[in-house]
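Spelled out from the first residue to the last, the chains are:
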Amino acid sequence: MAASDNAGAPEGAPAHPSPTTHSSPAPRRPSRSPLPGGRFAREGSRVGQVVKIGLLGLFTALGVWAVLPLYIGENWLGIGLVVAVVGLVYYVYLSKRSVPAKYLVPGVLFLMVFQIFPVLYTMSTSVTNMSDGHRGSKEQAVSAVESLSVTRTADSPEYVLTVATVGDPETGELVFLLTDAEGDARVGDADGLSDLGGATVEDSGKVTDAFGYTILTPAEVNERSGELEEFAVPTGSGAGIRSSGLSTAYEGRALRVYDESCDCVTDAETGDVYTADDERGAFYNDEGQRLPQGWQVNVGADNFARFLFDPSFASSFFSILLWNIVFAVAVTGLVFVVGLAVALTLHVPKMRGKVFYRVLVVLPYAMSSLAMYLLWRDMFNTDFGVINQVLGLRIDWFGSVWGARVAVVLANVWLGYPYMFLVATGALQAIPRELGQAAQIDGANPWQAFRHVTLPLLMVAMTPILVATFAFNFNNFNAVWLLTRGGPLFSDNSTAGATDLLITYTYRLAFNEATAQYGYAAALSVMIFLIVSVISVTSLWRSKALKEVG
Amino acid sequence: MSVDTVRTGPARHRRGTGTRLSLWATRLGWRHVVMWVVAAFALFPVMFVVSAALNPLGTLSSSQLWPTGASLDNARDLFSNTPFTTWYANSLFFALTNAAVTVLLSALAAYAFSRMRFKGRKVGLIGLLVIQMFPQFLAIVAIYLMFSSIGEYYPAIGFDTRWGLLLVYLGGALSINTWLMKGFFDTVPKELDESAQMDGATHAQVFFRIMLPLVTPVLAIVGLLVFISTINEFLLASVFLRDTEAKTLGLGLYQVVASSRNANFGMFSVGAILLSLPTLIVFWFLQRFITEGLTSGAVKG
């Protein structure tokens, strides 16, 4: 506490009163060591200054570290941003004004970059057709179409190939390090060929070391062989370089060539003409067949319209939405009832073993919920699960629609009620016991006294908690994904499951399907946001939270 | 019911054992019965996971509610067949660092919101509430796309790295927790920091030496909540950490039972208990703050 803290006030000043004693002035303590600086120093303590300079120095170093790769990649906008942020931090911490900003900047910077920016990015992605096959620009799609149709011709030049990546060997972008017959090494990526400086080339033509690239071992190349087959380096005017095996590459002619005058791609082998469709972001021929490489285009509200009006998508969207609401309401309601009932049972003076019961009852809340979901999943196992074993049943819990739903709700009640019990216990203790007793003396039975006196008082404290619990369960990804992964899938529609919440559905569309549908998944995220905010705002409107701000 | 039944009557002073017993049954007895039922419901999964962890056969099909043996084979398998220690270290790294930094960032912001009046304060506070409706994991697609390109420039914070995921977690540092803290800061009398400032203390000294020691309970509760939610976080981690070595314990356990559900159940059970251990420990040490912290937020509304 401040009163006993040695580093409190400057010499001669009264010691800081503690909150419990601040009504009675503390005695003067001239013997205390003075605070460095005191009232005449505007800069605070020397230690503080040193820490501040140290942190600013560290931050500058971070800024330099951040600029270097951007400079190599010639990303001037990125450099501008980094410089602006470093400048802002310097301004905030070196100027005498803007004191609140000194406290807000660290948290707000993180919030901006890793929450607000992703939210805006989600919104802008939600109006595009971004998905596998529609990731880049039209130019990228054209060069991919051309270079992937490259075939070997009689006079094709050959190269010695070294496969490398930018960054991580498993996930980094693939590049080809190519050594031609003269022994000159160059680097080729999805954008084309460029010179390779500072590389070590063996006599065989293999590159063993190159600045900025990670050379892959044969095993690592093998792991990415699928990508390798679809990788080609465009070399302009309908030519490109493709790999042939793991250590040679050849430059050949493209079968499919883009012609700007007709905005179309002609296939030299079949004679098919694929015309660009800028609304759908792909090349289509007369029969309506498309080339797999497309580009990202703005589709406006199409993604939203799709799950609102397209019959097949709308039916799964609305059935998931309905179950999502039912799930959140059921879990919140049951958790509240069970938690409150337990709290009321223990809410009695002089009950033996109260602490013991409390510890046992709170135990599920203190366990790791992630591990417990996985545990419950196996407890519901049809053949070996302990639930069927103990009850002597043979229910296929996760195989049937309602079995899975009951199981998901049950597991969540187990995990959720201790929290409600804790909150309800605290709220009950704040309500004077005499109120209920007075009602009973006036002739109310215990239920009436509870229903009309205790419960309304309790709800004042519990309503915000219930709203928060509802909002949490509405998006409770772990609760469903770790138990059922959203399944069982409806037989008529392969993407929607019986226990799917909107968030698990979004996750599956973006990360667990054969072709990732980022644009559509982002549109679903925006829909969830709209639904949750409508529900929360209407319910919070009545509570005082928003009015208290001033 | 919360209300004691008050019995009055002429026989009050001369009750027999039978009456006393029935009185006990109506007042307290049924409560004990209810509590035993609830405790059984609360305990049986925990008992099952403990007995499965000790089960010498280590399969789901041979696991019973009651322990059938006591062997450490499952623990040995877990340590030798999986990178368990790396997973555990990763989990603790994320949980501890995120909790510590979040508490610091949140307390800094709460101090500004509670003690200073500035332009944009109201907007900032309401904005924090609004952004809660768009939790980070909803933006998972954007975060994924964002880090696909960040990883190209900075492999050190790309996918499969600790720092990248930690940065994402820290994006959620200012949240409803800041509100909770601000509410608690508001209860500390303003005279305290005003008198310190009169004595020449700078705003930073007031914050670190006067405010922080006084708001320890709310720092503890926020730290606990962040710790628990980070150690149980699955969605963001599963998109970020795909390499086996980079995984957290939760993701690792998911993989252990995903590959072979029946056979690895013993190993999973040991892991589940060990994953719960840190949360149990923080709970034990912070229990006196828990009810207080949770309900102070509740009553404030």
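Reading guide: rules and limits
- Residues numbered from 1 in each chain as written.
- Chains lettered and ligands numbered in written order.
- Predicted model: local features only at pLDDT ≥ 70, side-chain atom pairs only at ≥ 80, totals over all residues.
- Heavy atoms only, no water.
- Salt bridge = Lys/Arg side-chain N within 4 Å of Asp/Glu carboxyl O.
- Buried < 20%, exposed > 50% of the residue type's maximum accessible area, 1.4 Å probe, protein only.
- Helix = DSSP H or I, 4+ residues; strand = E, 2+ residues; numbered from the N terminus.
- Pairing = 2+ DSSP bridges.
- Axes fitted to C-alpha atoms, helices over the stretch in contact; angles between N-to-C directions.
- Contact = heavy atoms within 4.5 Å.
- Disulfide = S-S within 2.5 Å.
- Polar contact = N/O pair within 3.5 Å; in protein donor to acceptor, adjacent residues only side chain to side chain.
- Phe/Tyr/Trp six-rings, centres within 6.5 Å; stacked < 30°, edge-to-face > 60°.
- Lys NZ or Arg CZ within 6 Å of the ring centre and 35° of its normal.

(A) Local environment of the pattern of salt bridges. In this structure the tally under the stated criterion is 6 salt bridges over all chains. For Arg508 of chain A, the salt bridge is made with Asp500 of chain A, and the minimal N-O distance between the two is 2.9 Å. For Arg508 of chain A, a relative accessible area of 8% puts it in the buried group. Since its relative accessible area comes to 0%, Asp500 of chain A is described here as buried. For Arg115 of chain B, the salt bridge is made with Asp193 of chain B, and the minimal N-O distance between the two is 2.9 Å. Taken together, the residues Arg115 of chain B in helix H3 (residues 84–115) and Asp193 of chain B in helix H8 (residues 190–198) connect sequence positions 78 residues apart.

(B) Quick look at the sheet that holds strand S12 (residues 256–259) of chain A. Residues and elements named next belong to chain A. On the basis of which strands lie adjacent, the open sheet formed by 4 strands has the order S12-S13-S14-S15 and antiparallel pairing. Strand pairing shows two members of the sheet lacking a second neighbour, S12 and strand S15 (282–284), which therefore form its edges. Sheet twist, expressed as the mean angle between neighbouring strand axes with direction ignored, is 30°. The pairing of strand S13 (residues 264–267) with strand S14 (residues 273–277) spans 3 bridges and is antiparallel. Looking at S14, one finds that Cys264 is bridged to Thr275. Sitting on the sheet, helix H4 (residues 138–148) touches S12, S13, S14 and S15, and the angle it makes with S12 is about 145°.

(C) Focus on the state of the cysteines. Residues and elements named next belong to chain A. Counting across every chain of the model gives 1 disulfide over all chains. Put simply, Cys262 and Cys264 are joined by a disulfide, and their sulfur atoms are 1.9 Å apart. Looking along the S-S bond of the Cys262-Cys264 disulfide, the torsion reads about -60°, which is the left-handed sense.

(D) How the structure looks around the environment of Ser533 of chain A. Residue and element names in this part refer to chain A. Inspection of the secondary structure puts Ser533 in helix H17 (residues 518–542). Residue class for Ser533 comes out buried when judged on its relative accessible area of 12%. For the pair Ser533 and Ala471, spaced 62 residues apart in sequence, the C-alpha separation works out to 9.1 Å. Engagement of the side chain of Ser533 in a polar contact is seen with the backbone oxygen of Phe529, the distance being 2.6 Å. Here Leu530 takes part through its backbone oxygen, which lies 3.1 Å from a polar atom of the side chain of Ser533.

(E) Quick look at the packing of aromatic side chains. Tallied over the entire structure, the rule returns 47 aromatic pairs over all chains. On the basis of an interplanar angle of 75° and a centroid distance of 4.9 Å, the ring pair of Phe207 of chain B and Phe208 of chain B is categorised as edge-to-face. A relative accessible area of 0% means that Phe207 of chain B is categorised as buried. The ring centre of Trp402 of chain A lies 4.8 Å from the NZ or CZ of Arg405 of chain A, which sits over that ring. Against the face of Phe93 of chain B rests Arg162 of chain B, its NZ or CZ located 4.8 Å from the ring centre.

(F) Unusual backbone geometry, seen in detail. Within the chain, Asp263 of chain A stands out as a residue other than glycine whose phi angle is a positive 50°. With respect to the helices, strands and loops of the structure, Asp263 of chain A is situated in the loop between S12 and S13. Of note, the phi angle at Asp160 of chain B is positive, near 65°, even though the residue is not glycine. With respect to the secondary-structure elements, Asp160 of chain B resides in the loop between helix H5 (140–153) and helix H6 (162–170).

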